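Examination of the molecular architecture
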Amino acid sequence: MAYSDKVVDHYNNPRNVGSFPKETPGLGTGLVGAPECGDVMKLQIKVNVDTGVIEDAKFKTFGCGSAIASSSLATEWLKGKTVDEAAKIKNTDIVNELKLPPVKIHCSVLAEDAIKAALADYREKQAAAPAAANSE
Amino acid sequence: MALKFPIFMDAQSTTPCDPRVVEAMLPYFTEKFGHPASRNHPFGWEAEAAVDSARAKLARLIGARDPKELVFTSGGTESINLALKGVAEMYREKGNHIVTTVIEQRAGLDVCKRLERQGFTVTYVPVQPDGLVDAEEIRKAITDKTTLISVMFANNEVGTIQDIAAIGRLAKEKGILFHTDATQAFGKVPINVEAMGIDLLSATAHLIYGPKGVGALYVRRKAPRVRLVPLIDGGGHERGMRSGTLPVPLIVGFGKATEICAEVMAEEGARLGKLRDQLQDMILSNVEEAYLNGHPERRLPQNLNISFAYVEGESVLMGLNKETALSSGSACTSATLEPSYVIGALGASAELAHSSIRFSLHRFTTEEEVEFVGKRTIDVVKRLREMSPLYELAKEGVDLKSIHWKAE
C-alpha cells in the first residue's frame, strides 16, 4: 500500500513527540488503544486554566505509520484551540486531511478517542482541584 | 561495491529470476513453441523432451525414483490444493480425518477449512515455542480415520525446519499418506523423499529464482502408490492428475532453476547462513528486547525473523521501505487485519506478533546490503521507540500487563 505524502511527512517529521512532566498545571492525558491490537496512543494537552486554551500538546504512539501521522496531526490541530473547540475534532477530519485509505480509518478513530480521553482527563483533574481552576 | 536501492530482502515472498533461467526459457516462447502432447511432429517432440528434462532435474533434487512422480502445476498453492483435496477425496471411503499443523501457510490451512465444511475433520497440531512440531503430538492426533498427514517442511515466516524424517517414519508405521509443503525448502536444503518417507511434496519455481506461475507436486508411485482425484479435468495430461497444456517455457525455467540450486545449494546455504548470522548478531547486540522468532539452529539459512518490543512492525517497514523491502507479521501488513498467526502460535504475545520483522536473504544479497539493512533497522527501531508510549512506560518500570487497556 502506498502512503499519502502527508502521512509520510508526519511519519518522517512527527510534530510534538514527547511527554509533559506529570505535575504540569492544566495537563490532560489520554492513553487509548491496546498493545495486542497493535495501536496505543498517548496524547497530552497543556491547557491554560484561565483561558481554557490548549497551549501545547504532545504525543507518543505505538502503531503503524498512519497511527503515528494521525496523532501527530491531532497535536498540531489541538494547539491554540479551546478545550470546547478541541472536542469538535472528528476522525473524518483526520481521514480527509491525511487521505487515509479505508483500512486505516481505525487510526483516525483512535486519534479522536485520544483527544477525547485527554480532554476528559483534563476536566476531571480541574473538577478535583477547583481552587486551581478558578484562581485569578 | 556501491549499493543499489531499493535492497530486496523479502526473498521468502518471491525471488528474482536467475538470468540463466531466463536465458534457458527464451527459445521456448518463439522457435521451440510446440505442444508437448503433440505426438506426431518434431515441434511436439522437442517440447516433450524439454519437459521431460526439467522433470528429471526436479526428481533428482528430491531423490525421487522416477521423474514421472512429478506433476507440474501452476504453483505452490495449486500443488497443496491438489495434494490435500485430491487425497482427501480419493481415500474418503477409508477415512475422513487429516492431521496438519497450526503454522501451515494459508493455502494449507484454507484447504483444510474447506474440507471441514465438506464433512472432513482436521486436527491442527500445535507447535513448540521454537516452531518445531513434536512428532508425538502428531501420533496422538492420529485416529483410525486418518488418511493424510500434512506438515510443512520449512516455515515461510520463521524458517523453522521440521523433523520431516520422523514424521515420515510415523506415517509409514501407521500406513497413512504424508504430504509436505516444501515450497520454502525445495532447492534450499537437502530433501530426499525416499529417506524421509514423503509421499507427496509441493514445490514452486518462483522461490528458487525461477518464474512465477509454475509449481510441482511429487506424487509417490511405489510403496505406496498414491492416487489422487484431480482438481482440473481435461486432456488427461500429467498422468490424468492435472489436465491442461503444459507451460513449457515456465517448466524449462523451473528445471533450470532446480539444476542451479542442486549445484550451488551447499555453498549458497553456507554463504547466506553466514550473512544471516551477521545480521542477527548486529541487530541483537545493538537493540535491547529484540527477540529471535523460531528455532535458532533448525531453520533456513536465508531466514531471520525478529520481534522488536514496543514498536509496531509496519511502522518499522515504513521507516525502511524507501531503501529496503522486508516483510512483517503486523496486522497492518496483512489482508486479514490479524497479526501473524505463526508468531502467535509460537506462544509470543499479540504485541510481539505485531512487532515481527522478517529478513530473507537470497542469491544476490551482498555483505554490504546486510550491513546497511542492519544499521538502518537499528536506527529506525530506536527512533520509533523514542516515539512509543509503551517503551516510555516500560522504562518507567510500569508492567504493561498491569494496565487495563481498553481494546477497541
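Residues numbered from 1 in each chain as written. Chains lettered and ligands numbered in written order. Predicted model: local features only at pLDDT ≥ 70, side-chain atom pairs only at ≥ 80, totals over all residues. Heavy atoms only, no water.

**Here's the deal with the overall build of chain A**
Worth spelling out the cut-off: Every helix listed is a DSSP run of H or I at least four residues long, and every strand listed is a run of E at least two residues long, numbered separately from the N terminus. Note that the radius of gyration is over C-alpha atoms, with the globule rule given as 2.2 Å times the number of residues to the power 0.38. Residue contacts are counted whenever heavy atoms from the two residues lie within 4.5 Å of one another. Counted charges follow a simple rule, with Lys and Arg positive, Asp and Glu negative, and His plus the chain ends left uncounted. To locate a charge, the coordinates of NZ of Lys, CZ of Arg, CG of Asp or CD of Glu are taken.
A tally of helices and strands in chain A yields six helices and three strands. When the helices and strands of chain A are placed in sequence order, the string is α-β-β-β-α-α-α-α-α. At 15 Å, chain A has a C-alpha radius of gyration in line with the 14 Å of a compact globule built from 136 residues. Its C-alpha atoms give chain A principal-axis dimensions of about 50 × 30 × 20 Å. In chain A, the proportion of contacts linking residues at least 24 apart, taken out of those at least 6 apart, comes to 61%. Of the charged side chains in chain A, 16 are positive and 18 negative; the average position of the first set lies 3 Å away from that of the second.

**Notes on the overall build of chain B**
Keep this limit in mind: Relative accessibility thresholds used throughout: buried, under 20% of the residue-type maximum; exposed, over 50%; partly exposed, between the two (1.4 Å probe, protein chains only).
Within chain B, the secondary structure is distributed over twelve helices and 13 strands. Computed over the C-alpha atoms, the radius of gyration of chain B is 22 Å, within 12% of the 22 Å expected from 2.2 N^0.38 for a compact globule of 408 residues. Considering only C-alpha atoms, chain B reaches an extent of 75 × 55 × 35 Å along its principal axes. In chain B, which comprises 408 residues, the proportion classed as buried is 58%.

**Some words on a nonpolar patch on the surface**
Here is the rule we go by: A patch consists of residues exposed above 30% relative accessible area that lack any salt bridge, with like charges linked at up to 9 Å and nonpolar side chains (Val, Leu, Ile, Met, Phe, Trp, Tyr) linked at up to 5 Å. Residue-level accessible areas treat just the shown protein chains as cover; the underlying method is Shrake-Rupley with a 1.4 Å probe. The term salt bridge refers to a pairing of a side-chain nitrogen on Lys or Arg with a carboxyl oxygen on Asp or Glu at a separation within 4 Å.
Together, B:Val22, B:Leu26 and B:Phe29 line one region of the surface with nonpolar side chains, adding up to about 270 Å² of accessible area. As for its placement among the helices and strands, B:Val22 is situated in helix α1 (residues 19-25).

**Topic: the side chain of A:Ser108**
All names here are of chain A. To be explicit about the condition: For this analysis, a polar contact is any N or O atom pair within 3.5 Å, provided that within protein one partner can donate a hydrogen and the other can accept it, and provided that sequence-adjacent residues contribute only side-chain to side-chain pairs.
One can find Ser108 in helix α5 (residues 105-128). In this structure the side chain of Ser108 is engaged in a polar contact, spanning 2.6 Å, whose partner is the backbone oxygen of Ile105. With residues near it in sequence (within four places) discarded, Ser108 still touches Ser70, Asn91, Ile94, Val95 and Leu100.

**A short note on the interface of chain A and chain B**
Operational definition: Accessible-area loss on putting two parts together, using a 1.4 Å probe and summing over both, is the definition of buried area adopted here. Any residue that is not Ala, Val, Leu, Ile, Met, Phe, Trp, Tyr, Cys, Pro, Asp, Glu, Lys or Arg is counted as polar, Gly included; the first ten are nonpolar and the last four charged.
On the side of chain B, 29 residues touch chain A, which itself brings 28 residues to the contact. Roughly 2,600 Å² of surface becomes buried between chain A and chain B when both sides are summed, with 63% attributable to carbon and sulfur atoms. For the interface between chain A and chain B, the tally reads four salt bridges. With a closest N to O distance of 2.6 Å, B:Glu314 and A:Lys104 form a salt bridge. Seen at the junction of chain A and chain B, the total is 14 residue pairs in polar contact (both at pLDDT 80 or more). The set of elements that each furnish at least two residues to the side of chain A that touches chain B consists of α1 (5-12), β1 (27-34), β2 (39-48), β3 (53-62), α2 (65-78) and α5 of chain A. Classifying every residue of the side of chain A that touches chain B by side-chain character gives 15 nonpolar, eight polar and five charged.

**What about empty space enclosed by the protein?**
How we decide: Within this scheme a cavity is a closed region of a 1 Å grid, computed over the protein atoms alone, that accommodates a 1.4 Å probe without allowing it to escape, whereas a pocket is open but has protein on both sides within 12 Å along at least five of seven lines; lining residues each have an atom within 4 Å of a point. Grid points are joined across faces, edges and corners, and a volume is the space filled by probe spheres set on the points.
Following the criterion strictly, the structure yields two cavities of 30 Å³ or more and no others. The space that makes up the largest cavity amounts to roughly 60 Å³. Taken together, B:Gly187, B:Lys188, B:Cys261, B:Val264, B:Met265, B:Glu268, B:Gly269, B:Leu272, B:Gln302 and B:Arg363 make up the lining of the largest cavity. Among the residues forming the lining of the largest cavity, the class breakdown is four nonpolar, three polar and three charged. Forming the boundary of the second largest cavity are ten residues, of which A:Tyr3, A:Ser4, A:Val7, A:Ser66 and A:Pro101 lie nearest the centre. The residue makeup of the lining of the second largest cavity, split by class, is six nonpolar, two polar and two charged.

**Some points on the sheet that holds strand β8 (residues 215-219) of chain B**
Residue and element names in this part refer to chain B. Applicable threshold: Two strands make a pair as long as DSSP finds a minimum of two bridges between them. Each axis is a line fitted through C-alpha atoms, taken for helices only over the stretch in contact, and angles between the N-to-C directions span 0 to 180 degrees.
Strand order in the open sheet formed by seven strands is β2-β8-β7-β6-β5-β3-β4, and the pairing between neighbours is mixed. Among the strands making up the open sheet, the edge pair consists of β2 (70-73) and β4 (121-125). Within the sheet, the average angular offset between the axes of one strand and its neighbour, ignoring direction, is 20°. Alignment of strand β3 (residues 97-101) against strand β5 (residues 146-150), held across three bridges, turns out to be parallel. Bridge pairing in β5 links Ile98 to Leu148.

**Side note on the layout of surface pockets**
Residue and element names in this part refer to chain B. If you add up the space inside the second largest pocket, you get close to 400 Å³. For the second largest pocket, the lining is made up of 17 residues, of which Arg39, Glu48, Arg55, Glu238 and Leu246 are closest to its centre. Its residues assigned to classes, the lining of the second largest pocket comprises six nonpolar, four polar and seven charged.

**Structural notes on the pattern of salt bridges**
Residues and elements named next belong to chain B. For the structure on display, the rule yields 33 salt bridges over all chains. Between Lys57 and Glu259 there is a salt bridge, and its shortest N-O distance comes to 2.9 Å. With Lys57 in helix α2 (residues 42-61) and Glu259 in helix α7 (residues 248-286), the pair connects residues that are 202 residues apart, well separated along the chain. Residues joined by salt bridges that share partners form a network here, namely Arg65, Lys172, Glu194, Asp199 and Arg220.

**Topic: the environment of B:Asn286**
All names here are of chain B. Within the secondary structure, Asn286 is located in helix α7. Here the alpha-carbon distance between Asn286 and Lys382, two residues 96 residues apart in the chain, equals 9.8 Å. The residues touching Asn286, leaving out its near neighbours within four places in the chain, are Ile378 and Lys382. At 2.8 Å, the side chain of Asn286 forms a polar contact with the backbone oxygen of Met282.

**Here's the deal with the environment of B:Leu275**
All names here are of chain B. Tracing the sequence through the fold places Leu275 in helix α7. Taking the C-alpha atoms as reference points, Leu275 and Gly213, 62 residues apart in sequence, are found 30 Å from one another. Look past the residues within four positions of Leu275 in its chain and what remains in contact with it is Leu361, Thr365, Thr366, Glu367 and Val370.

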